[in-house]
Amino acid sequence: CLPANQERFANGKLATVQFHPSAQVVMTAGHDRSVSLFQVKNFVLCYNPRIQSIYLESFPIYKACFSVDGEQVIATGTHHKMFFVYDMMSGSIIPIQKVRGVEERFLRNFEVSPDGSFMLLTGTSGYLHLLSMKTKELISTMKVNGRCTASAFTPDSSKIYSYSKEGEVFIWDVRSRKCLHKFEDEGSLEGKCIAVSKNNQYVACGSASGVVNLYTTDVCLKENHPKPVKAIMNLVTSATCVTFNPTTEILAMASRETDEAVKLV
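Every chain is numbered on its own, with residues counted from 1 as its sequence reads. Restriction of local features to residues with pLDDT of at least 70 applies here, the model being predicted, together with a cutoff of 80 or more for giving and counting side-chain atom pairs; totals for whole chains, interfaces and linings are based on all residues. Excluded from the side-chain calculations are hydrogens and water; all other atoms, namely the structure's heavy atoms, are used.

## With respect to the overall build of the protein
Looking only at helices and strands, the protein has one helix and 23 strands in total. Contacts: residue pairs with any heavy atoms within 4.5 Å of one another. Here the analysis covers contacts within the protein between residues at least 6 apart in sequence; of these, 40% occur between residues at least 24 apart. About 13400 Å² of surface is accessible on the protein, with carbon and sulfur atoms providing 51% of the total. Counting rule applied: Lys, Arg positive; Asp, Glu negative; His and chain ends not counted. A charged residue contributes its charge at one atom only: NZ of Lys, CZ of Arg, CG of Asp or CD of Glu. In the protein, 28 positive and 25 negative side-chain charges are present, and the distance between their average locations comes to 4 Å. Numbering of helices and strands runs from the N terminus; a helix is a DSSP stretch of H or I covering at least four residues, while a strand is a stretch of E covering at least two. All accessible areas in this document rest on Shrake-Rupley with a 1.4 Å probe, and a residue is counted as covered only by the protein chains that are shown.

## A short note on the side chain of S157
As for its placement among the helices and strands, S157 is situated in the loop between β13 (148–153) and β14 (159–164). In this scheme, a residue with accessible area under 20% of its type's maximum is buried, one over 50% is exposed, and one in between is partly exposed, where area comes from a 1.4 Å probe on protein chains only. A relative accessible area of 4% means that S157 is categorised as buried.

## Thoughts on the nonpolar core
A general tendency of soluble globular proteins is for nonpolar side chains to be buried together. By nonpolar core is meant a set of buried Ala, Val, Leu, Ile, Met, Phe, Trp, Tyr and Cys residues that side-chain atoms within 4.5 Å join together. Counting 17 residues, the largest nonpolar core has M27, V35, L37, L56, I61, A64 and V73 as its most contacted members. At the level of secondary structure, the elements contributing two or more residues to this core comprise β2 (25–30), β3 (34–39), β5 (61–66), β6 (72–77) and β7 (83–87). With sequence-adjacent residues up to four places away left out, L37 is seen in contact with V25, V26, M27, R50, I51, Q52, F66, Y86 and M88. Judged by nonpolar contacts, the second largest core, of 14 residues, contains I74, L107, V112 and L121.

## Here's the deal with the environment of F118
Among the secondary structure elements, F118 is positioned in strand β10 (residues 118–122). Each C-alpha atom of the pair F118 and N199 lies 20 Å from the other, and the pair is 81 residues apart in sequence.

## Topic: the sheet that holds strand β15 (residues 168–173)
The strand order across the open sheet formed by four strands is β13-β14-β15-β16, and the pairing between neighbours is antiparallel. Among the strands making up the open sheet, the edge pair consists of β13 and β16 (179–184). Here the average twist between neighbouring strands, direction ignored, is 20°. By definition, two strands form a pair when at least two bridges between them are found by DSSP. Of the pairings in the sheet, the one linking β15 to β16 comprises five bridges and is antiparallel in character. Pairing of V169 across the sheet is with F183, part of β16. All axes here are fitted lines through C-alpha atoms, helices being fitted over the stretch that makes contact, and every angle between N-to-C directions spans 0 to 180 degrees.

## Digging into the packing of aromatic side chains
For any pair of aromatic rings, the description consists of the separation of the ring centres together with the inter-plane angle of the planes. Side-chain rings of Phe, Tyr and Trp (the six-membered ring for Trp) are treated as a pair once their centres are within 6.5 Å; stacked means planes under 30 degrees apart, edge-to-face means over 60, and tilted covers the remaining angles. Under the defined criterion, the tally for this structure stands at three aromatic pairs. Their ring planes at 90° and their centres at 4.8 Å tell us that F59 and F84 sit as a pair that is edge-to-face. Highlighted residues: F59 in the loop between β4 (50–55) and β5 and F84 in strand β7, separated in sequence by 25 residues. The exposure class assigned to F59 is buried, which follows from its relative accessible area of 1%. A relative accessible area of 14% places F84 in the buried class. A ring pair is formed by F170 and W172, whose centres lie 6.5 Å apart and whose planes are at 20°; its orientation type is stacked. The burial state of F170 is the same as that of W172; both residues are buried.

## Examining the pattern of salt bridges
Each reported salt bridge corresponds to a side-chain nitrogen of Lys or Arg within 4 Å of a carboxyl oxygen of Asp or Glu. This structure, assessed with the given rule, holds six salt bridges. Note that E111 and K63 form a salt bridge whose closest N and O atoms lie 3.2 Å from each other. Here E111 is found in strand β9 (residues 110–112), whereas its partner K63 is found in strand β5, with 48 residues between them in sequence. For the salt bridge of E190 with K192, the shortest nitrogen-to-oxygen distance reads 3.7 Å. Classification of E190 by relative accessible area gives partly exposed; the value is 23%. Assessed through its relative accessible area of 29%, K192 is described here as partly exposed.

## A word on the sheet that holds β4
Strand order in this open sheet of four strands is β1-β2-β3-β4, and the pairing throughout is antiparallel. Only two strands of the sheet have a single neighbouring strand rather than two, namely β1 (14–19) and β4. Strand-to-strand twist of the sheet, defined as the mean angle between neighbouring strand axes without regard to direction, takes the value 15°. In this sheet, β3 lies alongside β2 in antiparallel orientation, the contact comprising five bridges. Each bridged residue has a counterpart across the sheet, and for V25 the counterpart in β3 is Q39.

In structure tokens form, the structure reads like this:
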């Protein structure tokens, strides 16, 4: 296949590549301050035409993500407390200058709930800010011990798994915003990334050592020191990304610290 973004390569590091939830479209976004959308053709060596690019002045992008309905793109910056919402239906770019009640120097990492209702912002000092996806207003703030490095919603959007730098995983109830349980990720020196499978059967935790631990969700909810079903040690640098495929048959794990460090399990 030709590169998906052949028609417009980025001038800087790409931070995000994501397929649209329902259309044959792929989005790229990154440090060159732009978000680009390309039509994805189904056949090999086919040219993927660019649909459009938007440029965000003085805003190197840290992360961009489609909303669940595919009508918006949310983008956070590398060193900004504001974020942008790009409304694809109207073509308007809406700056969210300040979320009332959120006191953070930078807003970088975030997750969108699978049901499209919530946006979870990862703050500093262990704070997690739950926003309404519709209004982008603060609903509630939660706090983990230590520093939160990654979070993931369960497929039904009822719970949040938050992974701390200290290697602990906190499980939150989205409705009550109470901590239901916490457990220690076995052997983790520093938590980096976390994913919950689409069928809610597994949780994968990736740490700075490159080890990815795979747990079943039932033991995560009961035990404080659960045993992983499998500890996967194929990465030799820090595991910075883990994700399951939609049928929960494959786990992808990767490290951004070295070239070609992508493994499929």
